[in-house]
Amino acid sequence: MLIVGQVSSIEEQYEIRFIAEMFIIGERFRYLARQQNQQNKK
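All residue numbers here refer to positions counted from 1 along the written sequence of the relevant chain. In keeping with the predicted nature of the model, local features appear solely for residues at pLDDT of at least 70, side-chain atom pairs appear and are counted solely at 80 or more, and the whole-chain, interface and lining totals rest on all residues. Side-chain numbers come from the whole structure's heavy atoms, not from hydrogens or water.

1. Quick look at the overall build of the protein
Stage number 1. Looking only at helices and strands, one finds 1 helix and 0 strands in the protein.
Stage number 2. Projected onto its principal axes, the C-alpha coordinates of the protein cover approximately 50 × 15 × 5 Å.
Stage number 3. Exposure categories follow from relative accessible area, calculated using a 1.4 Å probe and restricted to protein chains: below 20% of the type maximum is buried, above 50% is exposed, and the middle band is partly exposed. Taken across its 42 residues, the protein has 5% of its residues classed as buried.
Stage number 4. Approximately 4300 Å² of the protein is accessible, and the part contributed by carbon and sulfur atoms is 55%.
Stage number 5. In this charge count, Lys and Arg are treated as positive and Asp and Glu as negative; neither His nor the chain ends contribute. Each charge is placed at NZ for Lys, CZ for Arg, CG for Asp and CD for Glu. Distance between charge centres in the protein, computed from 6 positive and 5 negative side chains, equals 22 Å. Going along the chain from the N terminus, every DSSP run of H or I of four or more residues is numbered as a helix, and every run of E of two or more is numbered as a strand. All accessible-area figures derive from a Shrake-Rupley calculation using a 1.4 Å probe, and residue coverage is judged against the displayed protein chains alone.

Structure (structure tokens):
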């Protein structure tokens, strides 16, 4: 994920970082769920 632009405050920086971390965690959950799904089908 690439975020381009200027951050106007430290609070905005924390919000953007939080959103990015949630996105990364969500992607990881989807990956793990897909793997578990494939193992259950075998």
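2. Quick word on the pattern of salt bridges
Stage number 1. Only one rule defines a salt bridge in this text: a Lys or Arg side-chain nitrogen within 4 Å of an Asp or Glu carboxyl oxygen. Counting across every chain of the model gives 2 salt bridges.
Stage number 2. For Glu21, the salt bridge is made with Arg17, and the minimal N-O distance between the two is 2.9 Å. One end of the pair is Glu21 and the other is Arg17, both in helix α1 (residues 10–41) and 4 residues apart, which spans about a single turn.

3. Focus: the environment of Asn37
Stage number 1. Position of Asn37 among the secondary structure elements: in helix α1.
Stage number 2. Taking relative accessible area as the criterion, Asn37 reaches 45% and is therefore assigned partly exposed.
Stage number 3. Distance from Asn37 to Ser9, taken between C-alpha atoms, is 42 Å for residues 28 residues apart in sequence.

4. Quick look at a nonpolar patch on the surface
Stage number 1. To count toward a patch, a residue needs a relative accessible area above 30% and no salt bridge. Like charges then connect within 9 Å, nonpolar side chains (Val, Leu, Ile, Met, Phe, Trp, Tyr) within 5 Å. Where nonpolar side chains cluster on the molecular surface, the patch consists of Phe18, Ile19, Met22, Ile25, Phe29, Tyr31 and Leu32 and spans about 700 Å² of accessible area.
Stage number 2. Tracing the sequence through the fold places Ile25 in helix α1.
Stage number 3. A relative accessible area of 39% means that Ile25 is categorised as partly exposed.

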